[in-house]
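Chains, contacts and geometry: an overview
Spelled out from the first residue to the last, the chains are:
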Amino acid sequence: MIESQSRSGQPRGHQHTPGTMVQRFLLAIGVGTVLFAAPASAQATRGYVFAGPTLTGALVPANTSFGILPLPIPPVPPPPANFYAAGMGFERVANKHLGFGVDLSGILPGSGKILSNTLGTASANGYFHVCASCKFDFYGTAGYTLLFQNFTVNGLNSGGGLAYWWNDNHGVMLEARWVYLPGNVPANVASDYYTEIRLGYT
């Protein structure tokens, strides 16, 4: 198990093991799904599935001149690796503008050992819609993300997109979602931020 440290210098995961934290978060998502899926007037529950490419910013070691100033050759950061994201989720729309949702997804590398290097994410978000009942539904979203594998890392996410509804129950969506990990990240995590381009059906 990989152990990372918080900004205060204290190791993460001493109070709860990664498995326990993931189980509790997924249980909370399951309970929320049941509660928010209950019938209610003036509300709607929208499920969706998505997939798409994911861009990363490679973690580059701090520059050092080893006592030589200036650096003879400026270091060149390595190119970002190719990643992809796929997942599913739901949103509970409370009124014309506001909603709450959760989703589960995986960030998969484009090469190498895919299964062992796949990262899981679980997110809980608030949504703001320009007009949730319109055929062209522009929206913004932000919230909390738990990134997990054989470790857990707390993160934030934000984004926005457009859903096009061809009838009351079916549509397509295009969304950009940014996932940011503000603290120290484990050594086998490719980046401290990910940009997901989500193409989906809702």
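Keep in mind it's a predicted model, so treat the numbers as computed, not measured.

Quick word on the overall build of the protein chain
- Counting its regular elements, the protein chain contains two helices and eight strands.
- Listing each helix as α and each strand as β along the protein chain from the N terminus yields α-β-β-β-α-β-β-β-β-β.
- Burial status across the protein chain gives 37% buried among its 202 residues.
- Pairs at least 24 residues apart make up 60% of the contacts formed inside the protein chain by residues separated by at least 6 positions.
- Here the protein chain displays about 11,500 Å² of accessible surface, and carbon together with sulfur accounts for 67% of that area.

Focus on the state of the cysteines
- Overall, the coordinates contain one disulfide when judged by the stated rule.
- Disulfide partner of cysteine 131: cysteine 134, at an S-S distance of 1.9 Å. Its S-S torsion of about 75 degrees marks the bond between cysteine 131 and cysteine 134 as right-handed, since a negative value means left-handed.
- Under the relative-accessibility criterion, cysteine 131 is labelled buried at 10%.

Points about the pairing of strand β6 (residues 152-165)
- Of the strand pairs in this sheet, strand β5 (residues 136-148) and β6 are connected by 13 bridges, and their pairing is antiparallel. Following the sheet pairing, aspartate 137 is matched in β6 by alanine 163.
- The antiparallel hairpin formed by β5 and β6 contains three residues in its connecting segment.
- Pairing analysis gives ten bridges linking β6 to strand β7 (residues 171-180), with the strands arranged antiparallel. Paired with tyrosine 164 across the bridge in β7 is valine 172.
- Hairpin connection of β6 to β7: five residues between the antiparallel strands.

Digging into the pattern of salt bridges
- All told, the structure shown has six salt bridges when counted by the stated rule.
- The residue glutamate 175 makes a salt bridge to arginine 198 at a minimum N-O spacing of 3.9 Å. Residue glutamate 175 is located in strand β7, and its partner arginine 198 is located in strand β8 (residues 191-201); the two are separated by 23 residues in the primary sequence.
- Using a relative accessible area of 2% as the deciding quantity, one classes arginine 198 as buried.
- Of the charged contacts in the structure, one is a salt bridge between arginine 198 and glutamate 196, with a shortest N-O distance of 2.8 Å. This pair shows no difference in class: arginine 198 is buried, exactly as glutamate 196 is.
- Overlapping salt bridges, with partners in common, bring together Asp103, Glu175, Arg177, Glu196 and Arg198 in one network.

Some points on the environment of glycine 143
- Relative to the helices and strands, glycine 143 is located in strand β5.
- Apart from the residues within four sequence positions on either side, glycine 143 is in contact with Ala124, Asn125, Leu156 and Asn157.

Comments concerning the side chain of aspartate 103
- Tracing the backbone shows aspartate 103 in strand β3 (residues 98-109).
- A distance of 3.3 Å separates polar atoms of two side chains, one belonging to aspartate 103 and the other to tyrosine 48.
- Side-chain polar atoms of aspartate 103 contact the side chain of arginine 198, separated by 3.2 Å.
- Sequence-distant contacts of aspartate 103, defined by excluding residues within four places in its chain, comprise Tyr48, Met88, Gly89, Thr121, Ala122, Ser123, Arg177 and Arg198.

Comments concerning the packing of aromatic side chains
- For the coordinates displayed, the defined rule picks out five aromatic pairs.
- With 6.2 Å between their ring centres and 35 degrees between their planes, tyrosine 48 and phenylalanine 50 make a pair best called tilted.
- You can call tyrosine 48 buried: its relative accessible area is 9%.
- A ring pair is formed by tryptophan 166 and tyrosine 201, whose centres lie 6.4 Å apart and whose planes are at 40 degrees; its orientation type is tilted. With a gap of 35 residues between them, tryptophan 166 in the loop between β6 and β7 and tyrosine 201 in strand β8 connect regions that are remote in the sequence.

Cut-offs and rules
- Residues numbered from 1 in each chain as written.
- Predicted model: local features only at pLDDT ≥ 70, side-chain atom pairs only at ≥ 80, totals over all residues.
- Heavy atoms only, no water.
- Helix = DSSP H or I, 4+ residues; strand = E, 2+ residues; numbered from the N terminus.
- Buried < 20%, exposed > 50% of the residue type's maximum accessible area, 1.4 Å probe, protein only.
- Contact = heavy atoms within 4.5 Å.
- Areas by Shrake-Rupley, 256 points an atom, 1.4 Å probe, with all protein chains shown as cover.
- Disulfide = S-S within 2.5 Å.
- Pairing = 2+ DSSP bridges.
- Salt bridge = Lys/Arg side-chain N within 4 Å of Asp/Glu carboxyl O.
- Polar contact = N/O pair within 3.5 Å; in protein donor to acceptor, adjacent residues only side chain to side chain.
- Phe/Tyr/Trp six-rings, centres within 6.5 Å; stacked < 30°, edge-to-face > 60°.

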